[in-house]
Each structure stands twice: as structure tokens, then as C-alpha cells.
Amino acid sequence: MLQAGYRHPMICIGLLTRYVPADSGAILDAGQGTGLVGEWLKILGYSEAAGFDVSEGMLEVARSRGVYDDLRKAALGERLPYEDGRFAACVSAGVFTIGHAKPEGVDELLRVVRPGGHLILTVKDKLYEESFEDYLDKLVAAGRCEVVEMTPSYISVPGQEGHSTSRALVLKVLGG
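Report follows, based on the coordinates. These figures come from a predicted structure and were not determined experimentally. (Residues numbered from 1 in each chain as written. Predicted model: local features only at pLDDT ≥ 70, side-chain atom pairs only at ≥ 80, totals over all residues. Heavy atoms only, no water.)

## Remarks on the overall build of the protein chain
Part 1 of the reasoning: Helix and strand counts for the protein chain stand at five helices and eight strands.
Part 2 of the reasoning: Shown N-terminal to C-terminal, the secondary structure of the protein chain runs as helices and strands in the order α-β-α-β-α-β-β-α-β-α-β-β-β.
Part 3 of the reasoning: A globule of 176 residues ought to have a C-alpha radius of gyration of about 16 Å, and the protein chain, at 15 Å, matches this closely.
Part 4 of the reasoning: For the protein chain, the spread of C-alpha atoms along the three principal axes comes to 45 × 40 × 30 Å.
Part 5 of the reasoning: Per-residue burial over the protein chain gives 49% buried out of 176 residues.
Part 6 of the reasoning: For the protein chain, the separation between the mean place of its 18 positive charges and that of its 24 negative charges on side chains is 1 Å. (Helix = DSSP H or I, 4+ residues; strand = E, 2+ residues; numbered from the N terminus. Rg over C-alpha atoms; globule rule 2.2 N^0.38 Å. Buried < 20%, exposed > 50% of the residue type's maximum accessible area, 1.4 Å probe, protein only. Lys, Arg positive; Asp, Glu negative; His and termini not counted. Charge placed at Lys NZ, Arg CZ, Asp CG, Glu CD.)

## Examining the pattern of salt bridges
Part 1 of the reasoning: Enumeration over the complete set of coordinates arrives at 13 salt bridges.
Part 2 of the reasoning: Residue Arg72 is joined to Asp70 by a salt bridge in which the shortest nitrogen-to-oxygen separation is 3.0 Å.
Part 3 of the reasoning: Among the ionic pairs, Asp84 bridges to Arg111, the shortest N-O distance being 2.7 Å. Linking Asp84 in the loop between β3 (70–73) and β4 (87–96) with Arg111 in helix α4 (residues 105–112), this pair joins segments that are 27 residues apart in sequence.
Part 4 of the reasoning: The exposure class assigned to Asp84 is exposed, which follows from its relative accessible area of 54%. (Salt bridge = Lys/Arg side-chain N within 4 Å of Asp/Glu carboxyl O.)

## As for the side chain of Ser24
Part 1 of the reasoning: Residue position: Ser24 is located in the loop between α1 (8–19) and β1 (27–30).
Part 2 of the reasoning: With residues near it in sequence (within four places) discarded, Ser24 still touches Ala88 and Arg114. (Contact = heavy atoms within 4.5 Å.)

## A look at the packing of aromatic side chains
Part 1 of the reasoning: In this structure the tally under the stated criterion is four aromatic pairs.
Part 2 of the reasoning: Summarising the aromatic geometry, the rings of Phe52 and Tyr82 are spaced 6.4 Å apart at their centres and angled 45° between planes, so their arrangement reads as tilted. One end of the pair, Phe52, is in strand β2 (residues 49–53); the other, Tyr82, is in the loop between β3 and β4, with 30 residues separating them in the sequence. Each member of the pair Phe52 and Tyr82 is classed as buried.
Part 3 of the reasoning: An aromatic cluster of three or more residues is present, and its members are Phe52, Tyr82 and Phe87.
Part 4 of the reasoning: For Arg86, the ring lying beneath its charged end belongs to Phe87, and the centroid distance is 5.0 Å.
Part 5 of the reasoning: Across from the ring centre of Tyr128, 4.0 Å away, lies the NZ or CZ of Arg167, which sits over that ring. (Phe/Tyr/Trp six-rings, centres within 6.5 Å; stacked < 30°, edge-to-face > 60°. Lys NZ or Arg CZ within 6 Å of the ring centre and 35° of its normal.)

## Brief notes about helix α5 (residues 125–141)
Part 1 of the reasoning: The largest bend along α5 reaches roughly 55° and is located at Ser131.
Part 2 of the reasoning: All of the buried residues along α5 are Asp125, Leu127, Tyr128, Phe132, Tyr135, Leu136 and Leu139.
Part 3 of the reasoning: Taken together, the buried residues of α5 touch β4, α4, β5 (113–124), β6 (145–150) and β8 (165–173).
Part 4 of the reasoning: Following α5 by one or two positions, Gly143 has its phi on the positive side, about 75°. (Bend = angle between axes of the 7 residues up to and from the residue.)

In C-alpha cells form, the structure reads like this:
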């Protein structure tokens, strides 16, 4: 995917470094896949990284990188196996897309990231327009989070036909 120019992980890491200092605490990689984000977290000095994925195969690949302190099998949309406020931030690259995680998956990410922490998510534009934007508006109106930044739409894998656009969001967790 990197050779094809896959952008989601790089964009998420860039946004994370903009808002979350490396000494802030544990970072959650939601839907960590092969563990690319975890590897970059370690390179950039984030000392504690946890990840979860629905796929045992992806967990095995991520485990082989040796960069996560905690890897678990879990799915967005279900209760996550972490205590409230456990993480300083959460990154979710390429997970909120059609046929994968639904907007309601954000609820658990908000629960496990401490107040004042950040969620950095990529969202497929089609999902954003169909349901994510309305769901996010409800979370903001309820005082659960605020939108700190939203990137312009971009192609996640440039040069490959048939790929639709996505955007990245930075949400600040409110409450406490």
C-alpha cells in the first residue's frame, strides 16, 4: 500500500504530531491493520501504543512489528476492552469507510480517550455525506467533542482508478 502511495496513515500521523506531543501518554491505533501507524509512532517518540483490529491475521502482522505494547481483537461498534479515558489520543486510518466502521464507532473512541485528548480519523467522503456528518453534529451538540480540524478531500491512493475521496478529521474530546 505504501508503494501505491496510500495516504491515510501518513495524514493521520501528521495531524497527530500537530496536536498531541509525544510525551502525552498512550496512543490507540483503532483498526491498526498491519501496524504501520504503530511503527511510525515509535519512530516519532510516542512511547506507548496500543492497537485493536477485528482481523486476527492483521493482528499477527502488527504483532510481528514489535511496536505495540498492547494488541487486542475488537471491533468498532462494540464496547472496546479499555477503561474510560485510558488514552491520550486515538488514530484511526482507513477504517471509517463504506462497509466497515459506522459513525457510531466514534462513541467508544470518545469514551476511551481522556477529556482534552484527540481523535484523528479518516472518513470516506461518501460515508461522511451519507451519515457521518449528521452523527458528528449530534456528538458536537451533545458536548462530547469538538471538530478542531478537517482536511480538504483527497484521494487515499493516488493513481489507482476507482478510488473515491476521503477526508481526515481531528476531534477534541470534551467532558470530564
